[in-house]
Amino acid sequence: NAGVTQTPKFRVLKTGQSMTLLCAQDMNHEYMYWYRQDPGMGLRLIHYSVGEGTTAKGEVPDGYNVSRLKKQNFLLGLESAAPSQTSVYFCASSLSWNTGELFFGEGSRLTVL
Amino acid sequence: AQKVTQAQTEISVVEKEDVTLDCVYETRDTTYYLFWYKQPPSGELVFLIRRNSFDEQNEISGRYSWNFQKSTSSFNFTITASQVVDSAVYFCALTADSNYQLIWGAGTKLIIKP
């Protein structure tokens, strides 16, 4: 049982390049989330999805796009990467929004030069 | 607006000491949920506990205990007889009926010295 899997784990980009982070969960969870974690700031929600085909903006959505074409996958895209997007990105899923337990992926470390 | 404050940026104690991590929250919702997550040096985030606003009973799980006090808007976490393996960053978080977002504190880095 893999849980939540993120790919890639590490990536270095040049300013202006694009990339996509893939999150896959095998728990049949409705809710999926993308967070970024920066030193001293905890986790900040980028986008989330309450079900297949739906997405919504979180706290810091600018510069990112997402898609949830299949229930098990939640993609995070950077169209034109900026150094301010250097961060560790975490994907998470949950059975419902208020059950509490978020299941996290291992994180993806992105560096934008 | 909702907010979670973890005023202790870093705590360092010697193994076997007891340590309490503070969490103070702000919300206008009457129904809300509080959480603690652990992030060990390996980087993954691990769920520890959830408490809803109608349940002020303290929780004990082995060496871990949580003290929820609505009167002071606090949800503190105590580790008894700390161990080196407890070294991690601990996050407190809050969500409420009014939104889907989990509001995170900045985290407290706990260092347990042998």
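The sections below set out a description of the structure shown in this document. These numbers were taken from a predicted model, which means no experiment stands behind them.

1. Points about the sheet that holds strand β3 (residues 19-25) of chain A
Residue and element names in this part refer to chain A.
Here is step 1 of the chain: Strand order in the open sheet formed by four strands is β1-β3-β8-β7, with antiparallel pairing between adjacent strands. With one partner strand each, in any of the chains shown, β1 (4-7) and β7 (64-67) form the two edges of the open sheet. Neighbour-to-neighbour, the strand axes of this sheet turn through a mean angle of 20°, independent of strand direction.

2. Here we look at the state of the cysteines
Cysteine pairs can be linked by a disulfide, which is a covalent bond between their two sulfur atoms.
Here is step 1 of the chain: Tallied over the entire structure, the rule returns two disulfides over all chains.
Here is step 2 of the chain: What pairs with Cys-23 of chain A in a disulfide is Cys-91 of chain A, and their sulfur atoms sit 1.8 Å apart. Because the torsion about its S-S bond is -75°, the bridge between Cys-23 of chain A and Cys-91 of chain A counts as left-handed. You can see Cys-23 of chain A sitting in strand β3 and its partner Cys-91 of chain A sitting in strand β9 (residues 87-94), a full 68 residues away along the chain. Each member of the pair, Cys-23 of chain A together with Cys-91 of chain A, is buried.
Here is step 3 of the chain: Between Cys-23 of chain B and Cys-92 of chain B runs a disulfide, and the two sulfur atoms are separated by 1.9 Å. Because the sign of the S-S torsion sets the handedness, a value of about -65° for the bond joining Cys-23 of chain B and Cys-92 of chain B places this disulfide among the left-handed ones. Of this pair, Cys-23 of chain B sits in the loop between β3 (19-21) and β4 (24-26) while Cys-92 of chain B sits in strand β10 (residues 88-96), placing them 69 residues apart in sequence.
Here is step 4 of the chain: Take Cys-23 of chain B: its relative accessible area is 0%, and that puts it in the buried class.
Here is step 5 of the chain: The exposure class of Cys-92 of chain B is buried, given its relative accessible area of 0%.

Reading the values: the criteria
- Residues numbered from 1 in each chain as written.
- Chains lettered and ligands numbered in written order.
- Predicted model: local features only at pLDDT ≥ 70, side-chain atom pairs only at ≥ 80, totals over all residues.
- Heavy atoms only, no water.
- Pairing = 2+ DSSP bridges.
- Helix = DSSP H or I, 4+ residues; strand = E, 2+ residues; numbered from the N terminus.
- Axes fitted to C-alpha atoms, helices over the stretch in contact; angles between N-to-C directions.
- Disulfide = S-S within 2.5 Å.
- Buried < 20%, exposed > 50% of the residue type's maximum accessible area, 1.4 Å probe, protein only.

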